[in-house]
Amino acid sequence: MAKLTIVANIKANPDKIALVKAELEKLIEITRGEAGCINYDLHQDNDNPAHFLFYENWESRDLWQTHMGAPHLAAYMAATEGAVEEFTLNEMSVIG
């Protein structure tokens, strides 16, 4: 299978921006060390600090699925429960 690109948009509740940002930042180093992770880059919107975006590339969907089941993702979910207003995730493939 071809490389998988993930675009994840996270919108924090306005009063929980610092919490969500800190928890997202905890994911970076450990995820970058996972098998199949090509890049795992966190962005914050310049005009809306509550909006975060992960741009990720994985060697395969199977390896990304392993990441999604990792304990550090479960810890992030527990730590940010009720702090995220909106979350969208897109699985994408390069076409050109």
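Read on for an overview of the structure. For clarity, every value in this text was computed on a predicted model and none was experimentally measured.

**Some points on the sheet that holds strand 3 (residues 51-58)**
Right, so step 1: Taken in spatial order, the four strands line up as 2-3-1-4 in an open sheet, and their pairing is antiparallel. Each edge of the open sheet is held by one strand with a lone partner, namely strand 2 (37-44) and strand 4 (84-92). Geometrically, the sheet is characterised by an average inter-axis angle of 10° between neighbouring strands, direction not taken into account.
Right, so step 2: Here strand 1 (residues 4-12) pairs with strand 4 via eight bridges, running antiparallel.

**Considerations on the environment of F54**
Right, so step 1: Within the element layout of this structure, F54 appears in strand 3.
Right, so step 2: Sequence separation between F54 and N13 is 41 residues; the distance between their C-alpha atoms is 17 Å.
Right, so step 3: Filtering out sequence-adjacent residues up to four positions away, F54 remains in contact with I6, V7, A8, I10, L24, L27, I28, Y40, D41 and L42.

**Looking at the pattern of salt bridges**
Right, so step 1: This model, assessed by the stated rule, comprises three salt bridges.
Right, so step 2: Of the charged contacts, one joins K26 and E23 as a salt bridge, the two residues approaching to 2.9 Å between their closest N and O atoms. Residue K26 and its partner E23 are located together in helix 1 (residues 17-32), separated by three residues, close to a single helical turn.
Right, so step 3: On the accessibility criterion, K26 (55% relative accessible area) is exposed.
Right, so step 4: Linking R32 and D41 is a salt bridge whose minimum nitrogen-to-oxygen distance equals 3.2 Å.

**Overview of the side chain of N39**
Right, so step 1: Tracing the backbone through its elements, the reader meets N39 in strand 2.
Right, so step 2: Overall, the relative accessible area of 16% leaves N39 in the buried class.
Right, so step 3: Among the polar contacts made by the side chain of N39, one reaches the side chain of D41 at a distance of 2.9 Å.
Right, so step 4: For N39, the residues in contact, after removing those within four places along its chain, are Y55, E56 and N57.

**What about the pairing of strand 3?**
On a regular strand, one side chain projects to one face of the sheet and the next to the other, so that they alternate.
Right, so step 1: When you tally the buried positions in strand 3, you get six out of eight residues, the bulk of the element.
Right, so step 2: By the bridge criterion, eight bridges tie strand 1 to strand 3 in an arrangement that is antiparallel. Each residue of the ladder has a partner; that of N9, found in strand 3, is L53.
Right, so step 3: One ladder, built from seven bridges, connects strand 2 with strand 3; its direction is antiparallel. Each residue of the ladder has a partner; that of Q44, found in strand 3, is F52.
Right, so step 4: Once strand 2 ends, the chain turns through six residues before running back antiparallel as strand 3.

About the cut-offs
- Residues numbered from 1 in each chain as written.
- Predicted model: local features only at pLDDT ≥ 70, side-chain atom pairs only at ≥ 80, totals over all residues.
- Heavy atoms only, no water.
- Pairing = 2+ DSSP bridges.
- Helix = DSSP H or I, 4+ residues; strand = E, 2+ residues; numbered from the N terminus.
- Axes fitted to C-alpha atoms, helices over the stretch in contact; angles between N-to-C directions.
- Contact = heavy atoms within 4.5 Å.
- Salt bridge = Lys/Arg side-chain N within 4 Å of Asp/Glu carboxyl O.
- Buried < 20%, exposed > 50% of the residue type's maximum accessible area, 1.4 Å probe, protein only.
- Polar contact = N/O pair within 3.5 Å; in protein donor to acceptor, adjacent residues only side chain to side chain.

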